[in-house]
Amino acid sequence: QVQVEESGGGFVQSGGSLRLSCAASGISGNVGYRRWYRQRPGMERELVATLVNSGLTNYSEAVRGRFTISSDDDGAKKTVHLQMNNLNSEDTAVYYCYFRSSTRSTYWGQGTQVTVSS
């Protein structure tokens, strides 16, 4: 059974930083894609950042240059982190981590709230 746990959300003032973390245990095989999505109030969920197992990264235009996606797996536990700098009110959202395994199974975190005050 796969368990995915997110942490690191919270309340921050505009211009501040937060680091989100996500850890998944029980995933069989390798993880091909690790992603962060977010859902802003009244909007659909959107892709924010992608980390491919080759090390390549990709970011949405809204966060490029401010956010950094990374991972540091610990044995069987797969991780993905999102360092968010220079936050603004437009970054207020629920953030979700995502893993896609080599068998194409997908796993989502429960979501963590990030609130940025202007």
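**Points about the state of the cysteines**
At step 1: Taken as a whole, this structure holds one disulfide when the rule is applied.
At step 2: The partner cysteine of Cys22 in its disulfide is Cys97, sulfur to sulfur 1.9 Å. Of this pair, Cys22 sits in strand β3 (residues 18–25) while Cys97 sits in strand β9 (residues 93–101); the two residues are 75 residues apart in sequence, bridging distant segments of the chain.
At step 3: On the accessibility criterion, Cys22 (2% relative accessible area) is buried.
At step 4: Classification of Cys97 as buried rests on a relative accessible area of 0%.

**Regarding the pattern of salt bridges**
At step 1: For the coordinates displayed, the defined rule picks out six salt bridges.
At step 2: In this structure, Glu46 and Arg38 form a salt bridge, with 2.8 Å as the shortest nitrogen-oxygen distance.
At step 3: Residue Asp91 pairs with Arg66 through a salt bridge whose shortest N-O separation is 2.8 Å. Of the two residues, Asp91 is situated in the loop between β8 (78–84) and β9 and Arg66 in the loop between β6 (57–59) and β7 (67–70); the sequence distance between them amounts to 25 residues. Each member of the pair Asp91 and Arg66 is classed as buried.
At step 4: It is possible to trace a salt-bridge network through shared partners that takes in Arg38, Arg40, Glu46, Arg66, Glu90 and Asp91.

**Side note on the environment of Ser25**
At step 1: In this fold, Ser25 is placed in strand β3.
At step 2: For the pair formed by Ser25 and Gln3, sequence separation is 22 residues and the distance between their alpha carbons is 5.4 Å.
At step 3: If near-sequence neighbours (up to four positions away) are discounted, Ser25 is found in contact with Gln1, Val2 and Gln3.

**Focus on the packing of aromatic side chains**
The description of an aromatic ring pair rests on the distance of the ring centres and on the angle between the ring planes.
At step 1: Taken as a whole and assessed by the stated rule, the structure comprises three aromatic pairs.
At step 2: Ring centres of Tyr37 and Tyr98 lie 5.7 Å apart, and the angle between their planes is 65°; on these two criteria the pair is classed as edge-to-face. A residue pair is termed long-range when its members are at least 10 positions apart, and Tyr37 in strand β4 (residues 31–39) and Tyr98 in strand β9 qualify at 61 residues.
At step 3: Under the relative-accessibility criterion, Tyr37 is labelled buried at 15%.
At step 4: Pairing Tyr37 with Trp108 gives two aromatic rings, centres 4.9 Å apart and planes at 50°, and the pair type is tilted.

What counts as what
- Residues numbered from 1 in each chain as written.
- Predicted model: local features only at pLDDT ≥ 70, side-chain atom pairs only at ≥ 80, totals over all residues.
- Heavy atoms only, no water.
- Disulfide = S-S within 2.5 Å.
- Helix = DSSP H or I, 4+ residues; strand = E, 2+ residues; numbered from the N terminus.
- Buried < 20%, exposed > 50% of the residue type's maximum accessible area, 1.4 Å probe, protein only.
- Salt bridge = Lys/Arg side-chain N within 4 Å of Asp/Glu carboxyl O.
- Contact = heavy atoms within 4.5 Å.
- Phe/Tyr/Trp six-rings, centres within 6.5 Å; stacked < 30°, edge-to-face > 60°.

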